[in-house]
Amino acid sequence: MSEITDFVVTIDGPAGGGKSTVAKNLAKELNFNYLDTGAMYRTAALAAYRAGIPLEEYPQVAEFLKDRRILNRDGRTFLDGNDISDDIRSPLITSLTRHTADNPLVRRQMVLLQRQAAKGRNIVTEGRDQGTEVFPDAPCKFYLTASPEVRAIRRMKQLQENGESPSYPEILASIIKRDEGDMARQVGPLRKPDDAHIVDSSDLSAQEVVSLMASVVKEALKTKSSCEI
Ligand code: DC
């Protein structure tokens, strides 16, 4: 039996919908590689910040990044060969990353890197433009969402576990505002691909979401076709 390669599964959706956990576990379940595209935008921000390049200077940042090597593989992220997986999760880098995510020149570079990462491999990739802009021909696309209220409660729990005392109305308002902003972006906006399976995780555990997606993908793999909607 010939091995399947270059099979791409995309998972897009709003922030806080659990895309990373689901994508990671789905990749494991399918024996695919997991591509964390958010980590790549974070790495771009970290690289420019460390080099003292103002992140608002879009062409300068893109020019600088041309000579950097950004790699996300097997759940780790590397900048010029150094593992910076933990560094890119700091609150500072998290807040600076919006500049690289908004930079159309950087987006073009990241899209090329993401397509390269898929060559000759099978991947589960996760972001908000994967099924629409980066891999429009992907055979299996999912749009993972959950109600703003459910996402707010999940976020509250995370913060409480970190010893914080968050306010539910504030968190809910910020989630709603973020969704609106992500959908209205000029570049790389959050959009549901027309041919995506919509998975609402409001009443499902992460494991239930993974099982559901895995069964859809396995069916497509069996027939070497695409995931039927
Ligand atoms: O998923 P995350 O929090 O690691 O993503 C970091 C930032 O990058 C976040 O602001 C969303 C943005 N992003 C993007 O613009 N396009 C992607 N494909 C993935 C993430």
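The preceding data block contains the structure.
Being a predicted model, the structure only gives us computed values, none of them experimental. (Residues numbered from 1 in each chain as written. Predicted model: local features only at pLDDT ≥ 70, side-chain atom pairs only at ≥ 80, totals over all residues. Heavy atoms only, no water.)

1. Description of the overall build of the protein chain
Each helix and strand counted, the protein chain has 9 helices and 8 strands in total. For 229 residues, the compact-globule estimate of 2.2 N^0.38 gives 17 Å, and the C-alpha radius of gyration of the protein chain, at 18 Å, lies within 12% of that figure. Along the first, second and third principal axes, the C-alpha atoms of the protein chain reach 50 × 45 × 30 Å. Per-residue burial over the protein chain gives 48% buried out of 229 residues. Only carbon and sulfur atoms are counted for the fraction: they give 50% of the accessible area of the protein chain, which is about 12000 Å². Separation between the mean location of the 31 positive side-chain charges and that of the 33 negative ones in the protein chain comes to 3 Å. (Helix = DSSP H or I, 4+ residues; strand = E, 2+ residues; numbered from the N terminus. Rg over C-alpha atoms; globule rule 2.2 N^0.38 Å. Buried < 20%, exposed > 50% of the residue type's maximum accessible area, 1.4 Å probe, protein only. Areas by Shrake-Rupley, 256 points an atom, 1.4 Å probe, with all protein chains shown as cover. Lys, Arg positive; Asp, Glu negative; His and termini not counted. Charge placed at Lys NZ, Arg CZ, Asp CG, Glu CD.)

2. Focus: the sheet that holds strand S7 (residues 140-145)
If you walk across this open sheet you meet the 5 strands as S2-S6-S1-S7-S8, and the pairing is parallel. Strands with a single pairing partner mark the edges of an open sheet, and in this sheet they are strand S2 (33-36) and strand S8 (197-200). Taken over all neighbouring pairs, the strand axes of this sheet differ in orientation by 20° on average, direction set aside. In the packing of helix H9 (residues 206-222) onto the sheet, the strands contacted are strand S1 (8-12), S7 and S8, and the crossing angle to S7 comes to about 165°. (Pairing = 2+ DSSP bridges. Axes fitted to C-alpha atoms, helices over the stretch in contact; angles between N-to-C directions. Contact = heavy atoms within 4.5 Å.)

3. Let's talk about the pattern of salt bridges
Enumeration over the complete set of coordinates arrives at 14 salt bridges. Residues Arg151 and Asp179 are paired through a salt bridge, measuring 2.7 Å at the closest nitrogen-oxygen approach. You can see Arg151 sitting in helix H7 (residues 148-161) and its partner Asp179 sitting in helix H8 (residues 168-184), a full 28 residues away along the chain. Like Arg151, the residue Asp179 is buried in the burial classification. The partner of Glu219 in a salt bridge is Lys222, and the shortest N-O contact between them spans 3.3 Å. Placement of both Glu219 and Lys222 in helix H9 is noted, with a separation of 3 residues, approximately one turn of the helix. Looking at Glu219, the relative accessible area reads 44%, which means it is partly exposed. The exposure class assigned to Lys222 is exposed, which follows from its relative accessible area of 63%. When salt bridges that share partners are traced, they join Asp102, Arg128, Arg178, Asp182 and Arg185 into one network. (Salt bridge = Lys/Arg side-chain N within 4 Å of Asp/Glu carboxyl O.)

4. Here's the deal with the environment of Asp129
Relative to the helices and strands, Asp129 is located in the loop between strand S6 (123-127) and helix H6 (130-134). As a C-alpha pair, Asp129 and Ala117 span 12 residues in sequence and 16 Å in three-dimensional space.

5. Remarks on the site of the ligand
Taken together, 13 residues sit near the ligand, with Thr37, Arg42, Arg107, Arg128 and Asp129 positioned nearest. Take Arg107: an N or O atom from its side chain is 2.9 Å from an oxygen atom of the ligand. For the ligand, the accessible surface in isolation is 450 Å², of which the surrounding protein chains cover 83%. With 4 residues, helix H2 (residues 37-50) is the single largest residue contributor to the shell around the ligand. For the shell around the ligand, the class distribution of residues is 2 nonpolar, 5 polar and 6 charged. (Near = heavy atom within 4 Å. Polar contact = N/O pair within 3.5 Å; in protein donor to acceptor, adjacent residues only side chain to side chain. Nonpolar A, V, L, I, M, F, W, Y, C, P; charged D, E, K, R; others polar.)

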